[in-house]
Amino acid sequence: MAMAEKKNEYPPGVEADRRLLQFETWEDYLDSLIEIADLRNLRSVDSARTIAALGYRANGDTLTEKEFYARRKVIHNIVYPVSKPYVLVSEGANIEDPFNRELAVRERANRVGILQSVIFIRHFTKGGFEISGYIDYAHRLISEDWAPFFRSNKMLWPRDNDLGYYHWRHGTVRSNISRNYKPVMDPERGLLFQNRHDHKIICPDPQQEPGQNTSKQRIYSPRYTQIEIYDHVVRRKS
């Protein structure tokens, strides 16, 4: 059965917009499109900017003033994200499932970046098909609402945009770059995860050591077929 594989990066449009960060104003952006001949012939910066704004000095579409500031704001927020206060959604919840309790213990450390845990989960559907994957816990904490998980015992399932994903029935295998990890295929050790902050390697192979500053724990829960948690202590550069 054919298998599909993909790796996520920022969309090409977002990557291209990084160049906008070098310009503080729309006028600065237009000035970058002006040619020396324009200033020589028109003898006016304002006239040269008008020529550039009309699209005569760009290979692609020239951004309008509104488009420039809107797109620059988006890329600025991606490259320089603003740190926001967090709420521990597990705090005060009546947690019975052993897996939920283990993740509640790790929630704060993953939110502040001291710990960056990778969760391996294996499920079997009612039809007997395996769905399994690796989840960047810290990434998922900030990208979705975990209140239903901690407070109503909602089950955790891997998704096709998680760090790793396998769906037996669909014959789908996917590996994705997450906020904190990059999948790496090693010819001898197999699938590895490289932390994007301290560049340490996590090895999920049960027959090998998990890696430097990383510990592994198997969690037993009656609702899950298999759970492994790899806890990586992040060593940030001083």
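In the annotation of an unreviewed UniProt entry, the entry for the chain reads Cilia- and flagella-associated protein 299, and the organism field reads Danaus chrysippus. Turning to the chain, the UniProt record has this under Function (unreviewed entry): "May be involved in spermatogenesis."

## Examining the pairing of strand β3 (residues 164–167)
Across 4 bridges, strand β2 (residues 130–136) lies against β3 in antiparallel orientation. Considered in β3, the bridge of S132 is made with Y166. Relative to strand β4 (residues 172–175), β3 runs antiparallel, the two sharing 4 bridges. Paired with Y166 across the bridge in β4 is V173.

## Brief notes about the packing of aromatic side chains
Following the criterion strictly, the structure yields 10 aromatic pairs and no others. Ring centres of F99 and F149 lie 6.1 Å apart, and the angle between their planes is 85°; on these two criteria the pair is classed as edge-to-face. Separated by 50 residues along the polypeptide, F99 in helix α6 (residues 98–112) and F149 in helix α8 (residues 147–152) bring together distant segments of the chain. Given a relative accessible area of 0%, F99 falls into the buried group. Judged by centre distance (5.1 Å) and plane angle (75°), the ring pair of F99 and Y224 falls under edge-to-face. With F99 in helix α6 and Y224 in the loop between β8 (214–219) and β9 (226–233), this residue pair connects regions lying 125 residues apart in the sequence. Ring pairing ties together the aromatic residues F99, Y137, W146, F149, F150 and Y224, which thus form one cluster.

Parameters and conventions
- Residues numbered from 1 in each chain as written.
- Predicted model: local features only at pLDDT ≥ 70, side-chain atom pairs only at ≥ 80, totals over all residues.
- Heavy atoms only, no water.
- UniProt positions renumbered as here; feature names shortened; annotations may be inferred.
- Pairing = 2+ DSSP bridges.
- Helix = DSSP H or I, 4+ residues; strand = E, 2+ residues; numbered from the N terminus.
- Phe/Tyr/Trp six-rings, centres within 6.5 Å; stacked < 30°, edge-to-face > 60°.
- Buried < 20%, exposed > 50% of the residue type's maximum accessible area, 1.4 Å probe, protein only.

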